[in-house]
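Notes for the structure review
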Amino acid sequence: MYSTTYHNHSTWSDGTASLREMALAAREAGVAEFGISDHLVVGPRGFFVDSRRWSMGLNQFEGYVEEALAVRQELEGPSFHVRLGVEADYFPETWEKVAAFLEGFPLDYVIGAVHFAGDFPIDASAAYWERLTEEGRRQAWVCYAQRMKECARDFPCQWLAHLDLAKIYQVPPPPEATELLAELLAEGGKRGLCVEINTAGADKPCHQFYPSPELLRAAVASGVGILANADGHAVSQVTRHFHRVPGLLASLGVRKTPSFQGRKIFWHPLEEEPSLQGRG
């Protein structure tokens, strides 16, 4: 199986290791392609201030790109490639500004993400969810799912991060949220969108990969591309739980996996050489 690990964070956002250290760890782990995708959170005016602790600012992005390209130049080889990406949060008020900004950089991929339902921080702490009423939890889940659907529809990204992140603290999705995510997948399959199997969920309170098996089956049925990512924040995490992925893909009937370069998607049959299908 062609092995990639694209969803990773360094000290440019909330990772614990430098970009170079993360890339070296991936090379040591034997993956074919390592990608860096630090957080870029550009919310509306007066937005949740805590996000500044785990996101780059627009004024830092050029330095981030320069460092990533330098690491690529140093470490790139015939059997190891360094890809440049970003995990960009979707907000209806700011996504157009962010999309236009990112067009000015030589990115290999953009990951669309939602970490906030309005100003409610989805994965910041279980305490936020515990303060909500049952109706408040339902509303947070529905808002999150609606934002994910809008991200898939509007934001020019190559794939969506941790599709059901709101389950992180063991709050199950209400039927309305599940329906919105199912609609997202049905529409995403027509547009050539991908979603990730995010193995970090196994280490969270939900003890389950993102997204759920039910959503993964719906994604495959809709023709949505599937790739595995570790959401690594430390050198020990760049391929966490990847040993479980081949069996999961086989059980889903997945026969190909994507890689990305220059915002184009390369399809790799699981045991064969890659073929190219462009998607901007």
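Residues numbered from 1 in each chain as written. Predicted model: local features only at pLDDT ≥ 70, side-chain atom pairs only at ≥ 80, totals over all residues. Heavy atoms only, no water.

Below, the discussion takes up the layout of surface pockets. Over the atoms rolls a probe the size of a water molecule, and its path tells where empty space is left. In this structure, the largest pocket spans a volume of roughly 370 Å³. Lining the largest pocket are 22 residues, with Asp14, His39, His115, Asp123 and His233 sitting closest to its centre. Grouping the constituent residues of the lining of the largest pocket by class yields 9 nonpolar, 6 polar and 7 charged. (1 Å grid on protein atoms, 1.4 Å probe; cavity = no way out; pocket = protein on both sides within 12 Å on 5 of 7 lines; lining within 4 Å. Points joined across faces, edges and corners; volume = space filled by probe spheres on them. Nonpolar A, V, L, I, M, F, W, Y, C, P; charged D, E, K, R; others polar.)

What follows deals with the pattern of salt bridges. Opposite charge on two side chains allows them to pair when their charged atoms are near. Scanning the entire structure with this criterion turns up 12 salt bridges. Note that Arg138 and Glu176 form a salt bridge whose closest N and O atoms lie 2.8 Å from each other. You can see Arg138 sitting in helix H5 (residues 134-154) and its partner Glu176 sitting in helix H6 (residues 175-191), a full 38 residues away along the chain. We classify Arg138 as partly exposed; its relative accessible area is 29%. Residue Glu176 is classed as partly exposed on the basis of its relative accessible area, which comes to 33%. Lys149 is the partner of Glu187 in a salt bridge, and the nearest nitrogen-oxygen pair spans 4.0 Å. Residue Glu187 is located in helix H6, and its partner Lys149 is located in helix H5; the two are separated by 38 residues in the primary sequence. Given a relative accessible area of 28%, Glu187 falls into the partly exposed group. Salt bridges here are not isolated pairs; linked through shared partners, they connect Glu135, Arg138 and Glu176. (Salt bridge = Lys/Arg side-chain N within 4 Å of Asp/Glu carboxyl O. Helix = DSSP H or I, 4+ residues; strand = E, 2+ residues; numbered from the N terminus. Buried < 20%, exposed > 50% of the residue type's maximum accessible area, 1.4 Å probe, protein only.)

This brings us to the packing of aromatic side chains. Throughout the structure, instances matching the rule amount to 15 aromatic pairs. Ring geometry for Trp12 and Tyr64: centres 6.0 Å apart, planes at 70°, overall edge-to-face. Highlighted residues: Trp12 in the loop between strand S1 (4-5) and helix H1 (19-29) and Tyr64 in helix H2 (residues 61-75), separated in sequence by 52 residues. Taking the relative accessible area as the measure of exposure, Trp12 reaches 21% and is therefore partly exposed. One aromatic cluster in this structure is built from Trp12, Phe61, Tyr64, Phe101 and Phe105. Here the guanidinium or amino end of Arg131 rests over the ring plane of Tyr128, the centre of that ring lying 4.8 Å away. Above the face of the Trp267 ring, Lys256 is positioned so that its terminal group lies 4.4 Å from the ring centre. (Phe/Tyr/Trp six-rings, centres within 6.5 Å; stacked < 30°, edge-to-face > 60°. Lys NZ or Arg CZ within 6 Å of the ring centre and 35° of its normal.)

Taken as a whole, helix H3 (residues 95-102) has its buried residues at Trp95, Val98, Ala99 and Leu102. Taken down its axis, H3 places every buried residue within 100° of arc, on the same side. Away from its buried face, by an angle of more than 90 degrees, H3 presents the exposed residues Glu96, Lys97 and Ala100. On its buried face, H3 is in contact with strand S3 (39-40), H2, strand S4 (81-89), strand S5 (109-113) and H5. (Arc of directions from axis to C-beta. Contact = heavy atoms within 4.5 Å.)

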